[in-house]
Amino acid sequence: MTRGIEVIINSIAKHYDFKNRSILLIEEMSELTKAITKYTRVEAGGKDMSVKINKAKARKNIVEEMADTLIMIKEVQKLLEITDSEIDKVVVEKLVRSLNLIRQE
């Protein structure tokens, strides 16, 4: 994210408290889950869907929900004073573990 976006996110996070932002983060994760599920159903033909949407619209919904979720993650990160370095360290550990699992297959 750009520095300008981070400044805005930090400003919004400071305005609210952890409880407020954590609840919204959970809601956004749920909406992302629904969007991904819908995309999967569209890819499978969408026969069991009550509202028909095309693959492009389903993909757009995922992008929007990812953006919402990332914003809320960054706000909660700020409120809990979690650094990017802390997250990067764990990301690297998890990626190495995944690569090791792939090699064992």
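See above for the structure.
Residues numbered from 1 in each chain as written. Predicted model: local features only at pLDDT ≥ 70, side-chain atom pairs only at ≥ 80, totals over all residues. Heavy atoms only, no water.

## Here we look at the environment of Met-29
For step 1, the next point in the chain: Within the secondary structure, Met-29 is located in helix H2 (residues 18-43).
For step 2, the next point in the chain: Residue classification places Met-29 among the partly exposed positions, given a relative accessible area of 39%.
For step 3, the next point in the chain: Spatially, the C-alpha atoms of Met-29 and Ile-73 are 9.6 Å apart, while their sequence positions differ by 44 residues. (Helix = DSSP H or I, 4+ residues; strand = E, 2+ residues; numbered from the N terminus. Buried < 20%, exposed > 50% of the residue type's maximum accessible area, 1.4 Å probe, protein only.)

## Observations regarding the pattern of salt bridges
For step 1, the next point in the chain: This structure, assessed with the given rule, holds six salt bridges.
For step 2, the next point in the chain: Among the ionic pairs, Lys-89 bridges to Glu-93, the shortest N-O distance being 3.0 Å. With a gap of four residues between them, Lys-89 and Glu-93 both fall in helix H4 (residues 84-104), about one helical turn apart.
For step 3, the next point in the chain: Its relative accessible area of 42% is what places Glu-93 among the partly exposed residues. (Salt bridge = Lys/Arg side-chain N within 4 Å of Asp/Glu carboxyl O.)

## Overview of the nonpolar core
For step 1, the next point in the chain: Core analysis: the biggest nonpolar cluster contains six residues, these being Leu-32, Ala-35, Tyr-39, Val-42, Ala-58 and Ile-62.
For step 2, the next point in the chain: At the level of elements, H2 and helix H3 (55-79) are the ones that each hand at least two residues to this core.
For step 3, the next point in the chain: With four residues, the single largest contributor to this core is H2.
For step 4, the next point in the chain: Residues contacting Ala-35, with those up to four places away along its chain left out, are Asn-61, Ile-62 and Glu-65. (Core = buried A, V, L, I, M, F, W, Y, C linked by side-chain atoms within 4.5 Å. Contact = heavy atoms within 4.5 Å.)

## Focus: unusual backbone geometry
For step 1, the next point in the chain: Positive phi, normally seen in glycine, also occurs at Glu-81, with a value near 55°.
For step 2, the next point in the chain: Tracing the chain through its elements places Glu-81 in the loop between H3 and H4.
For step 3, the next point in the chain: When its relative accessible area of 67% is taken as the criterion, Glu-81 is described as exposed.

## So, the side chain of Arg-21
For step 1, the next point in the chain: Summarising the element assignment, Arg-21 is placed in helix H2.
For step 2, the next point in the chain: The class for Arg-21 is buried, based on a relative accessible area of 8%.
For step 3, the next point in the chain: Apart from residues no more than four positions distant in its own chain, Arg-21 is found in contact with Ile-12, Tyr-16, Met-72, Glu-75, Val-76 and Leu-79.

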